[in-house]
Amino acid sequence: MTGTAGEQRRGCDQVRVRVPATSANLGPGFDAFGLALTLYDDLVVTPGGSGVHVSVSGCGEGEVPLDATHLVVRSIQAGLEALGAPVPGFTLRCENRIPHGRGLGSSSAAIVGGLAAAYALAGEPLDRDRLVVLANELEGHPDNVAAAALGGFTIAWTEGGIGRAVKLEPAAGSAAVAYVPDNRVLTKEARGLLPSVVSHTDAAANAGKAALLVAALTGRPELLLTATEDRLHQEYREPAMPESLALVHKLRGSGLAAIVSGAGPTVAVLVGHDDKSAGQDVFSGGTPDAPDGWTKYELGIDPVGVQVWSMEAG
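Residues numbered from 1 in each chain as written. Predicted model: local features only at pLDDT ≥ 70, side-chain atom pairs only at ≥ 80, totals over all residues. Heavy atoms only, no water.

Visitor: I keep staring at the overall build of the chain and nothing clicks. Help me out?
Guide: Secondary structure assignment for the chain yields eight helices and 11 strands. For a compact globule of 314 residues, the expected C-alpha radius of gyration is about 20 Å, and the chain comes in at 20 Å, within 12% of that figure. Each of the three principal axes of the chain carries a C-alpha extent, and together these read 60 × 45 × 40 Å. The proportion of buried residues among the 314 residues of the chain is 49%. Accessible area for the chain stands at about 13700 Å²; split by element, carbon and sulfur atoms hold 52% of it. On the chain, the mean spot of the 23 positive side-chain charges and the mean spot of the 35 negative ones are 1 Å from each other. (Helix = DSSP H or I, 4+ residues; strand = E, 2+ residues; numbered from the N terminus. Rg over C-alpha atoms; globule rule 2.2 N^0.38 Å. Buried < 20%, exposed > 50% of the residue type's maximum accessible area, 1.4 Å probe, protein only. Areas by Shrake-Rupley, 256 points an atom, 1.4 Å probe, with all protein chains shown as cover. Lys, Arg positive; Asp, Glu negative; His and termini not counted. Charge placed at Lys NZ, Arg CZ, Asp CG, Glu CD.)

Visitor: Whenever I open this one, the environment of Thr 226 confuses me. Can you help?
Guide: Summarising the element assignment, Thr 226 is placed in helix α7 (residues 224-227). Note: C-alpha distance between Thr 226 and Leu 256 (30 residues apart in sequence) is 9.8 Å.

Visitor: How should I be thinking about the confidence of the model for the chain in this particular structure?
Guide: Where the model shows low pLDDT, its predicted coordinates should not be examined in detail. On average, the chain scores 91 in pLDDT, and the residues at 70 or more come to 92%. Confidence drops under pLDDT 50 across residues 1-8; counting only partners more than four residues distant or on other chains, this segment forms nine contacts. A low-confidence stretch, residues 275-280 stays under pLDDT 50, and its non-local contacts, those more than four residues away or across chains, total two contacts. (pLDDT = per-residue confidence, 0-100. Contact = heavy atoms within 4.5 Å.)

Visitor: Sorry, what's going on with the environment of Glu 235 here?
Guide: With respect to the secondary-structure elements, Glu 235 resides in the loop between α7 and α8 (242-253). Under the relative-accessibility criterion, Glu 235 is labelled partly exposed at 41%. For the pair Glu 235 and Ser 196, spaced 39 residues apart in sequence, the C-alpha to C-alpha distance is 14 Å. Setting aside its immediate chain neighbours within four residues, Glu 235 contacts Leu 245 and His 249.

Visitor: How do you make sense of the sheet that holds strand β8 (residues 257-260) when you look at a structure like this?
Guide: Strand pairing within a sheet occurs via backbone hydrogen bonds; the two strands may be parallel or antiparallel. Read across the sheet, four strands follow the order β8-β9-β7-β10 without closing on themselves; strand pairing throughout is antiparallel. Each edge of the open sheet carries a strand with a single partner, namely β8 and β10 (294-300). The mean inter-strand angle of the sheet, taken between neighbouring strand axes irrespective of direction, is 20 degrees. In the sheet, strand β7 (residues 175-181) pairs with β10 via seven bridges, with the strands oriented antiparallel. The residue bridging Ala 178 from the neighbouring strand is Tyr 297, located in β10. Relative to the sheet, α8 contacts β7, β8, β9 (267-271) and β10, its axis offset from that of β8 by approximately 165 degrees. (Pairing = 2+ DSSP bridges. Axes fitted to C-alpha atoms, helices over the stretch in contact; angles between N-to-C directions.)

Visitor: I would appreciate a short explanation of the pairing of β8 in the present structure.
Guide: The side chains of a regular strand alternate, residue by residue, between the two faces of the sheet. Burial along β8 is two-sided: Ala 257 and Ile 259 facing one way and Ala 258 and Val 260 facing the other are all buried. Here four bridges tie β8 to β9, and the two strands are oriented antiparallel to one another. Residue Ala 257 lies in a different strand from β9, and its bridge partner there is Leu 270. Joining the antiparallel neighbours β8 and β9 is a turn of six residues, in which Gly 262 adopts a positive phi near 55 degrees.

Visitor: Would you explain the packing of helix α3 (residues 128-139) against helix α4 (residues 143-150) in this entry?
Guide: In helix packing, the relevant descriptors are the interaxial angle and the interaxial distance, both defined with respect to the helix axes. Two numbers describe how α3 lies on α4: the axes approach to 9 Å, and their chain directions differ by 150 degrees. In terms of orientation, α3 lies roughly antiparallel with respect to α4. Pair α3 / α4 crosses with right-handed handedness. Between α3 and α4, the residues in contact are Arg 128, Leu 131, Val 132, Ala 135, Asn 136 and Glu 139 and Val 145, Ala 146, Ala 149 and Leu 150, respectively. Residue composition of the contact of α3 with α4, by class: seven nonpolar, one polar and two charged. (Parallel < 35°, antiparallel > 145°, perpendicular 65-115°, else oblique. Left-handed = near helix turned anticlockwise from the far one by under 90°. Nonpolar A, V, L, I, M, F, W, Y, C, P; charged D, E, K, R; others polar.)

Visitor: Explain the packing of aromatic side chains here, please?
Guide: Between two aromatic rings, the relevant description is the distance of the centres plus the angle of the planes. On inspection of all chains with the given rule, the structure shows one aromatic pair. Taking 5.3 Å as the distance between ring centres and 80 degrees as the angle between the ring planes, the aromatic pair formed by Phe 33 and Phe 153 counts as edge-to-face. Taken together, the residues Phe 33 in strand β2 (residues 33-47) and Phe 153 in strand β5 (residues 153-159) connect sequence positions 120 residues apart. Judged by relative accessible area, which is 5%, Phe 33 ranks as buried. (Phe/Tyr/Trp six-rings, centres within 6.5 Å; stacked < 30°, edge-to-face > 60°.)

Structure (structure tokens):
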């Protein structure tokens, strides 16, 4: 256990972080399920000087702030303060591939990436369980941040406001196809469409399908279509993303396990194969091309979550 700030800590010359995109909810697992995907943001933090200097390339370039209000910067500073470490001046370089405002966990990636960088800057080994706790405090809900921190398939919850999560290993060959539209939907807007009360019948149906989805993702892929049925949130969000819900219905009608990814508007299809097709391309079963104005991503499941590399000073 490290003592007071500065004791037994070694500085570093540079920190590199890679953090995955995530898909949350996965249909029935509202605010609980998350899946880490092989689409990444890369961060480089170089301590030194005074103040904060930020550069961004890729997604969000020219749109996000380049000062201390940047979400990664705020997360680094919050992480250092939580660890009892000094907050130095630093340069942050972001290479973003996760689309912003599309339901693929871009804000969670920024938070988890910034907190992970703080551990390295403080000279502390990465504590992923505590990372989930800290990230939940910043994000306000633990589903995406848990998957970004732990990788794989995660189930998250809160106890007394504290974020918790467990990680399960998806079955070999599990993957996801993401259909990402050009337009954005704010999470606040999407959540604002949800009713404050749902029926006991719908709640019971979702509980059963969520339990079934755990089995489907960890070894019974033939159950994915049935297991991703939802009654709690997706249809209520249709006014904010009618094209997304239309695509979900079309894909599900053709037998594909399509869901709204997170708060949307991205549509994700969960795919897998049974033992008979092991060794084949997981996408060989075929998913349709993206509609006009959408981009299709064929993604694997990231197994490890956020990764950190640091060059030690001295």
